[in-house]
Amino acid sequence: MKISEIYKLLDNLSPFDIQEPWDNSGLLIGDFSQEIKQIVLSIDVDEALIDSMQDNALLITHHPLIFGGLKQLEFNKYPANLIQKMIKKNISNIAMHTNFDQTHLNEYVATEVLGYKISHKDGFVAYLDVNEDFDKFAKKVASAFGLPHAKCVKGANFIKKAALTTGSGCSLIKSIDADCFLTGDVKYHDAMEAKSINLSLIDIGHYESEHFFAKILLKHLKILGLEAIIASSKNPFTYI
């Protein structure tokens, strides 16, 4: 099957034109006319993954390998070092990032991972009716994502409504209409901002909240009649 045919199926599943203006989803490496022998799914690209893949394969990732504008390709630096290896093996890459967040990832995490119904959605934010004690809820969330502990800002003892954005969503803090916000990559100043407006925060991790990407996409590809392999991508962080 040609990349152009696969791309059309992916676009119907999660339209690339709904990605954020700053995003870089779509075909990043390759040629639409290329015939594909293997499809591999992964949240990210790393050297071990490229080494394990066949030549003339298509790698579909959640995070774009090429994000900002590239002014040069120094093959001893990231991401050029990975791009060089991919070109040598004729490995193509399609990224499905903020488009997939909106159409599939947030909903799956809310319902299948956390086990809550979505009361409503607002772009990247899924709202959940919780009605639970904060400490109990925080421990449940940490367990669901396999986190060693719950890193929180506690704005109240009871949570009626929670908001969820997988990945890194702290730029949305000002627009959150809930008692608690679940997202990843929470920084010190994000925590201070949330505390000042009595918004509880639970850091659900970036990798931990998005590594379900490949599993979700594989299910839909099978429905479309496409076979794919899920790569064993690893969290770059180690907890000691």
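Structure: above.
Just so it is clear, the model here is predicted, and its values are computed rather than measured.

Asker: Give me the packing of aromatic side chains: which residues, what numbers.
Answerer: Each aromatic ring pair is described using two quantities: the centre-to-centre distance and the angle formed by the ring planes. The final tally for this structure, using the stated rule, is 6 aromatic pairs. Ring centres 6.1 Å apart and planes at 25° place the aromatic pair Trp-22 and Phe-67 in the stacked group. Within this pair, whereas Trp-22 is found in the loop between helix 1 (3-13) and strand 1 (26-29), its partner Phe-67 is found in the loop between strand 3 (57-61) and helix 3 (80-88), the two being separated by 45 residues in sequence. For Phe-67, a relative accessible area of 39% gives the class partly exposed.

Asker: Tell me about the sheet that holds strand 1, and name the residues and values.
Answerer: Strand order in the open sheet formed by 5 strands is 1-4-3-2-11, and the pairing between neighbours is mixed. The sheet is open, and its two borders are formed by strand 1 and strand 11 (229-230), each paired with just one other strand. Across the face of the sheet, helix 8 (residues 213-223) comes into contact with strand 2 (38-42), strand 3 and strand 11 while running at roughly 145° to strand 2.

Asker: Describe in detail the layout of surface pockets, supporting the description with residues and values.
Answerer: In this approach, a probe sized like a water molecule rolls over the atoms, and the result shows the empty space that is left. In this structure, the largest pocket encloses a volume near 380 Å³. Along the wall of the largest pocket there are 17 residues; nearest its centre are Gly-205, His-206, Glu-208, Phe-237 and Tyr-239. The greatest single-element share of the lining of the largest pocket, amounting to 3 residues, is contributed by helix 7 (residues 206-210). Of the residues assigned to the lining of the largest pocket, the class counts are 7 nonpolar, 5 polar and 5 charged. The residue makeup of the lining of the largest pocket includes at least three contributed by each of domain 1 (3-96) and domain 2 (100-206). As for the second largest pocket, its lining consists of 16 residues, of which Trp-22, Thr-98, Asp-101, Phe-124 and Ser-168 are closest to the centre. Taken together, the elements giving at least two residues each to the lining of the second largest pocket come down to helix 4 (98-113), strand 8 (158-168) and helix 7. Of the residues belonging to the lining of the second largest pocket, the class tally is 3 nonpolar, 10 polar and 3 charged. Formed jointly, the lining of the second largest pocket draws a minimum of three residues from each of two domains, domain 1 (3-96) and domain 2 (100-206).

Each value, and the rule that gives it
Residues numbered from 1 in each chain as written. Predicted model: local features only at pLDDT ≥ 70, side-chain atom pairs only at ≥ 80, totals over all residues. Heavy atoms only, no water. Phe/Tyr/Trp six-rings, centres within 6.5 Å; stacked < 30°, edge-to-face > 60°. Helix = DSSP H or I, 4+ residues; strand = E, 2+ residues; numbered from the N terminus. Buried < 20%, exposed > 50% of the residue type's maximum accessible area, 1.4 Å probe, protein only. Pairing = 2+ DSSP bridges. Contact = heavy atoms within 4.5 Å. Axes fitted to C-alpha atoms, helices over the stretch in contact; angles between N-to-C directions. 1 Å grid on protein atoms, 1.4 Å probe; cavity = no way out; pocket = protein on both sides within 12 Å on 5 of 7 lines; lining within 4 Å. Points joined across faces, edges and corners; volume = space filled by probe spheres on them. Nonpolar A, V, L, I, M, F, W, Y, C, P; charged D, E, K, R; others polar. Domains from an automatic or database assignment.

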